[in-house]
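Per-entry structural report
Given next are the chains, with one letter for each unit.
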Amino acid sequence: RDVAELARYFGLRRAEALTVTLAHIDRGERALRLDGAATKSGRDEFARPVPGGWEVLDRLARQARARGAAHLVTWPGIAHMAAFLAGEAVPRGAWRPLASIRRAWRSTATKGAAHRLHDVRARYITEIAKVASSATTQEAARHQDAATTARYTAIAGAEVARALEAVPRPKKRA
């Protein structure tokens with residue numbers, strides 16, 4: 001769930017969400033500062049949240065500190081998983097970063113969630129495209145190519161068209 005929330009509120013890609021740490025939090029910019037070595041573009045970037053994202057980030061940061069972990073998304077390891085699921089305390093040093101979410105995502109997706117984590121990121125970009133210019137949307141999505149962002153804005157346009165078609169026709173005057 002934590003990975004999906006980072007994708008939804010910050011537009012992070014799966015690899016970014018799995019590797020984000022407390023050191024990435026830039027409180028002055030109110031964003032995540034991503035090092036170019038870890039981004040798809042190869043350049044330093046800010047991942048800025050949509051409303052509600054900063055609260056999610058604060059919760060994950062508090063959780064990481066309480067667990068004695070640097071990564072925002074962690075698990076207790078196989079040795080402590082049963083205790084964690086039973087609601088028992090897990091030792092501070094036991095928490096470790098996730099390497100993958102594939103198995104957990106498959107079980108979640110069968111319960112009606114998005115089929116791919118990228119669908120969650122797409123929602124972030126689509127929501128921005130509804131209220132911002134294409135250049136602003138491209139910057140928020142951290143796309144180098146405007147054509148990539150345009151695919152998401154086409155999705156937003158299709159949503160608007162469907163919404164307009166659902167509006168009842170005005171009654172004819174007598």
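Above this text sits the structure in question.
Please read these numbers as outputs of a predicted model, since none were measured by experiment.

Conventions adopted
Residues numbered from 1 in each chain as written. Predicted model: local features only at pLDDT ≥ 70, side-chain atom pairs only at ≥ 80, totals over all residues. Heavy atoms only, no water. Core = buried A, V, L, I, M, F, W, Y, C linked by side-chain atoms within 4.5 Å. Buried < 20%, exposed > 50% of the residue type's maximum accessible area, 1.4 Å probe, protein only. Helix = DSSP H or I, 4+ residues; strand = E, 2+ residues; numbered from the N terminus. Contact = heavy atoms within 4.5 Å. Salt bridge = Lys/Arg side-chain N within 4 Å of Asp/Glu carboxyl O. Axes fitted to C-alpha atoms, helices over the stretch in contact; angles between N-to-C directions. Left-handed = near helix turned anticlockwise from the far one by under 90°. Nonpolar A, V, L, I, M, F, W, Y, C, P; charged D, E, K, R; others polar. Polar contact = N/O pair within 3.5 Å; in protein donor to acceptor, adjacent residues only side chain to side chain.

Formed by 20 residues in total, the largest nonpolar core has its most connected members in Leu6, Phe10, Leu12, Ile25, Leu32, Leu57 and Leu72. Elements represented by at least two residues in this core include exactly helix 1 (2-10), helix 2 (14-19), strand 2 (31-34) and helix 3 (53-67). Element by element, the count of residues in this core is highest for helix 3, at 6 residues. Dropping the residues within four chain positions of it, Leu6 is found in contact with Gly11, Leu12, Ala17, Val20, Leu57, Leu60 and Val73. By size, the runner-up hydrophobic cluster in this structure holds 7 residues, among which are Ala122, Tyr124, Ile125 and Ile128.

Right, let's get into the environment of Gly93. In this structure, Gly93 sits in the loop between helix 4 (81-85) and strand 5 (96-97). Between the alpha carbons of Gly93 and Arg67 there is a distance of 7.1 Å; along the sequence they are 26 residues apart.

Moving on, we get to the pattern of salt bridges. Enumeration according to the criterion identifies 12 salt bridges in this entry. Its salt-bridge partner being Arg13, residue Glu16 comes within 3.2 Å of it at the nearest N-O pair. Exposure remark for Glu16: the relative accessible area of 4% places this residue in the buried category. The salt bridge partner of Lys130 is Glu127, with a shortest N-O separation of 3.2 Å. Placement of the pair is Lys130 and Glu127 together in helix 6 (residues 117-131), with a separation of 3 residues, close to one helical turn. Residues participating in the shared-partner salt-bridge network are Arg13, Glu16, Arg43, Glu45 and Arg142.

Before going further, it helps to spend a moment on the packing of helix 1 against helix 3. The interhelical angle for the contact between helix 1 and helix 3, taken along N-to-C directions, is 145 degrees, at an axis separation of 9 Å. In the crossing of helix 1 with helix 3, the sense of the turn from one axis to the other is left-handed. Two secondary-structure elements touch here, helix 1 through Asp2, Glu5, Leu6, Tyr9 and Phe10 and helix 3 through Gly53, Trp54, Val56, Leu57, Arg59, Leu60 and Gln63. Tallied by class, the residues present in the contact of helix 1 with helix 3 amount to 7 nonpolar, 2 polar and 3 charged.

Looking now at the side chain of Arg13. One can find Arg13 in the loop between helix 1 and helix 2. For Arg13, a relative accessible area of 17% puts it in the buried group. For Arg13, the side chain forms a polar contact with the main-chain oxygen of Arg142, separated by 3.5 Å. Once residues within four sequence positions are removed from consideration, Arg13 is found in contact with Lys40, Arg121, Ala141, Arg142 and His143.

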